[in-house]
Amino acid sequence: MEGHVVAGGIKPSGKRDLGVLVCDAEKPVSAARFTASATPAAPVLVSQQRCRLEALRAVLANSGCANAATGGRGLDDAAKTQGAAAMALGVEPAQVALASTGAISHYLPVDPILKGILAASTELDRGDAAFQQAIQTTDRTQKRAALEVALPSGTVRLTAQCKGAGMISPNFATMLCFVQTDAELDAQTAQLLLTVCVQRSFDRASVDGQLSTNDTAILMCSGASGVYVAPASEDELRLGEALDALLRQLAIMMVADGEGAERIARVVVRGGHLPGAEAVARAVANSLLVKTALHGADPNWGRIVQAAGAALPGTAPLAVDVAIEGTSVCAAGAAIAYDEQALEAAVQGSELEYEIGLPGEGAETEVFFSDLGHEYIRINAEYTT
């Protein structure tokens, strides 16, 4: 796998904004997940409708423009860039997926991008770090990870690049994430592993509770290691565990780099039925009151109770339990005695854990989320101006 990067003339700053990720295997296997939004961006629609998502050879990614809410022109612009990338790389257009990130409603500057594609397909900057820079928007840090895993049938490698800092509440994908492995997989195995691992990682992450129009996650498998991962095998289990660890690491990086974030938290909900537990976890993670309390290191657990109750209407009186950093503060919906000074000291850290217990047994879920402070407001108030 190789990443080729160039300044494609999209960002006014002149920074890198166009990247081409290429798999040099003749018959790679791939898998993809996209946003669940009812207003998907043009690159998502073109990738879904025109690509052989099980056999991708390349990804053309840009930052600085989401190409979302751009109608027929946006679809035409995306198709033009897809065709140009395919021609430059010598592959079929259906083997080139598209991914864009940036402001919604702006048209893609096609002519500079076409020139950038030609440049990026030859030399210029290569590697994970350069490709990462080309897909960043308000990200403060790079989100890359790699690992080797010893499977029963041999050692394989996984690498990944991810971006996302705002408009983050993914539903089966993230803003942009690209994963590469030299393992050899069947298309069904690749899709299964990506789906399951994305649900356990990026779908557990929230910065501001906003589902993006451009969410895209792509797994590309070159098979260069010669290690075949058979379906329902020990190899598949071990590779799935490795992919899960890799994507969870990236998801936490993304939350920690949330726009203006200073603290992050994990909310764990146990008990009741899974839909209810999911609703409570997301309600707490996306609560403006909980997030501002997290920002201010305020152990105001009443806001957690409020969010949980609002998520489960019709269940009153809800016998909810709450603990913060291991300190129980609420049992069966009522306050209990605890060491307030010790808790105030405990919540000063940069990472906190909230635990919520619901009546009944069986379900368990989690969501990672960031705080909400003045800097998030400043960034988004000035985003397009």
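Residues numbered from 1 in each chain as written. Predicted model: local features only at pLDDT ≥ 70, side-chain atom pairs only at ≥ 80, totals over all residues. Heavy atoms only, no water.

Chemist: Hey, could you run me through the overall build of the protein chain in this one?
Modeler: For the protein chain, the helix and strand inventory stands at 11 helices and 19 strands. A burial count over the protein chain gives 53% of its 385 residues as buried. For the protein chain, long-range pairs separated by at least 24 residues make up 79% of all intrachain contacts whose partners lie at least 6 apart in sequence. When the accessible surface of the protein chain is split by element, carbon and sulfur atoms take 52% of a total near 15,700 Å². (Helix = DSSP H or I, 4+ residues; strand = E, 2+ residues; numbered from the N terminus. Buried < 20%, exposed > 50% of the residue type's maximum accessible area, 1.4 Å probe, protein only. Contact = heavy atoms within 4.5 Å. Areas by Shrake-Rupley, 256 points an atom, 1.4 Å probe, with all protein chains shown as cover.)

Chemist: Sorry if this is basic, but what is going on with the state of the cysteines here?
Modeler: Each disulfide is one covalent bond, formed between the sulfur atoms of two cysteines. One pass over the structure, following the stated rule, counts zero disulfides. Not engaged in a disulfide, the cysteine Cys 23 finds its nearest cysteine sulfur in Cys 221; these two sulfurs lie 8.5 Å apart. (Disulfide = S-S within 2.5 Å.)

Chemist: Would you mind going over the sheet that holds strand β16 (residues 327-331) with me for this structure?
Modeler: Pairing between the strands of a sheet is mediated by backbone hydrogen bonds and can be parallel or antiparallel. Strand order in the open sheet formed by seven strands is β11-β19-β14-β18-β15-β16-β17, with mixed pairing between adjacent strands. Each having just a single partner strand, β11 (205-206) and β17 (334-335) make up the two edges of the open sheet. By the bridge criterion, seven bridges tie strand β14 (residues 264-270) to strand β18 (residues 351-357) in an arrangement that is parallel. The partner of Arg 270 across the bridge, within β18, is Gly 357. Sheet strands touched by helix α7 (residues 274-286): β11, β14, β18 and β19 (364-370). Its angle to β19, the strand with the most contacts, is close to 15°. With respect to the sheet, helix α9 (residues 302-311) is in contact with β15 (321-324), β16 and β18, its orientation differing from that of β15 by roughly 140°. (Pairing = 2+ DSSP bridges. Axes fitted to C-alpha atoms, helices over the stretch in contact; angles between N-to-C directions.)

Chemist: Looking at this structure, how should I read the pattern of salt bridges?
Modeler: Side-chain pairs of opposite charge can arise where the charged atoms are in close proximity. Counted under the stated rule, the structure contains 17 salt bridges. One salt bridge in this structure joins Arg 266 and Glu 353, with 2.6 Å as the shortest N-O distance. Remark: Glu 353 occurs in strand β18 and Arg 266 occurs in strand β14; sequence separation between them is 87 residues. You can call Arg 266 partly exposed: its relative accessible area is 24%. (Salt bridge = Lys/Arg side-chain N within 4 Å of Asp/Glu carboxyl O.)

Chemist: I'm lost on unusual backbone geometry in this one. Help?
Modeler: For residues besides glycine, phi is generally negative; the peptide bonds are generally trans as well. Ala 316 connects to Pro 317 through a cis peptide bond whose omega is -10°. Although it is not a glycine, Ser 105 sits at a positive phi angle of roughly 90°. On the secondary structure map, Ser 105 appears in the loop between β5 (96-101) and α3 (110-120). Despite not being glycine, Glu 325 shows a phi value in the positive range, around 50°. Within the fold, Glu 325 resides in the loop between β15 and β16. A relative accessible area of 34% places Glu 325 in the partly exposed class.

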